[in-house]
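Structure at a glance
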Amino acid sequence: MKTPTRKSLIAIALVGGSLGALLGLRALWEGTRKTQGGIVQQSTLFQSPDSRWQATLEHIDNGLGFGLGALYDEVHLHGPEASVGRHGASGSSVVFNIKSQGGAHPRVQWLSPNHLLIEYRNPHKPGKCITPFQGITIEYRPLPAPGR
């Protein structure tokens, strides 16, 4: 059996490393694509009193990294059988999104079967605030900063 040369070992390492990098990028792409626009770090479900609607509060990492990364909080409104779709301002089920400020996530509360309250403490202006949404009244209340 012939012993591999240094040149052939380097070529094998380069091909193997390139293949590993491509597979890693594909896995990252698939993971991000499945959530369509971000990486869900936390998700909380709020069922309407009549069980016809669900509001899902999600804490999203946009997954860009390299100084372009950002964390967002967003609320999706959808039926109980529907899943959360695309994230960000372009998401059809997104009724509210805002750049996150640490642990001060928005508060979500159903006041009645067709009235949703979203309270947020944040110095940033929300990127999306839809009201009404398919017959649901959505009320937004900015909260004062802590200590005020």
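This is a predicted model, so every value here is computed, not measured.

**So, unusual backbone geometry**
Following Thr131, the chain continues to Pro132 via a peptide bond in cis, the omega torsion being -10°. Although it is not a glycine, Ser51 sits at a positive phi angle of roughly 65°. When you line up the elements, Ser51 lands in the loop between β1 (39-47) and β2 (54-61). Unlike most non-glycine residues, Gln134 shows phi in positive territory, near 45°.

**Here's the deal with the nonpolar core**
One broad trend across soluble globular proteins is that nonpolar side chains are buried collectively. One finds Val75, Leu77, Val95, Phe96, Leu116, Ile118 and Ile138 to be the most contacted residues of the largest nonpolar core, which totals 17 residues. Those elements that provide at least two residues to this core are β2, β3 (71-78), β4 (94-99), β5 (107-112), β6 (115-120) and β8 (137-142). Dropping the residues within four chain positions of it, Val75 is found in contact with Ala55, Thr56, Leu57, Ser93, Val94, Val95, Phe96, Val108 and Ile118.

**Looking at the pairing of β5**
Along a regular strand, successive side chains alternate from one face of the sheet to the other. Where β5 lies against β6, five bridges are found, and the strand directions are antiparallel. The partner of Val108 across the bridge, within β6, is Ile118. Between β5 and the antiparallel strand that follows it, β6, lie two residues.

**So, the confidence of the model for the protein chain**
Within the protein chain, residue pLDDT values average 79, and 78% of them lie at 70 or more. Element-level mean pLDDT values for the protein chain span from 58 in helix α1 (residues 6-35) up to 96 in β5.

**Overview of the sheet that holds β6**
If you trace the three strands from one edge of the open sheet to the other, you get β5-β6-β8, paired in mixed fashion. The strands lining the two open edges of the sheet, one partner per strand, are β5 and β8. For this sheet the average axis-to-axis angle between neighbouring strands, irrespective of direction, equals 20°.

**A word on the pairing of β3**
Where burial is concerned, most of β3 is hidden: six out of the eight residues are buried. Bridging between β2 and β3 involves eight bridges; their strand directions are antiparallel. The residue of β3 that forms the bridge with Leu57 is Val75. Relative to β4, β3 runs antiparallel, the two sharing five bridges. Across the sheet, Glu74 pairs through a bridge with Asn97, a residue of β4.

**Describing the side chain of Glu119**
Assignment of secondary structure puts Glu119 in strand β6. In this structure Glu119 comes out as buried when scored by relative accessible area, which is 13%. With residues up to four places along the chain from it excluded, the contact list for Glu119 reads Pro106, Arg107, Arg141 and Leu143.

**What about the packing of aromatic side chains?**
Under the counting rule described, the total for this entry stands at three aromatic pairs. Both rings, one in Trp53 and one in Phe133, keep their centres 6.3 Å apart while their planes meet at 70°; by these two values the pair is edge-to-face. In this pair, Trp53 sits in the loop between β1 and β2 while Phe133 sits in the loop between β7 (128-129) and β8, placing the two residues 80 residues apart along the sequence. Trp53 sits in the buried class, given a relative accessible area of 13%.

Reading the values: rules and limits
- Residues numbered from 1 in each chain as written.
- Predicted model: local features only at pLDDT ≥ 70, side-chain atom pairs only at ≥ 80, totals over all residues.
- Heavy atoms only, no water.
- Helix = DSSP H or I, 4+ residues; strand = E, 2+ residues; numbered from the N terminus.
- Core = buried A, V, L, I, M, F, W, Y, C linked by side-chain atoms within 4.5 Å.
- Buried < 20%, exposed > 50% of the residue type's maximum accessible area, 1.4 Å probe, protein only.
- Contact = heavy atoms within 4.5 Å.
- Pairing = 2+ DSSP bridges.
- pLDDT = per-residue confidence, 0-100.
- Axes fitted to C-alpha atoms, helices over the stretch in contact; angles between N-to-C directions.
- Phe/Tyr/Trp six-rings, centres within 6.5 Å; stacked < 30°, edge-to-face > 60°.

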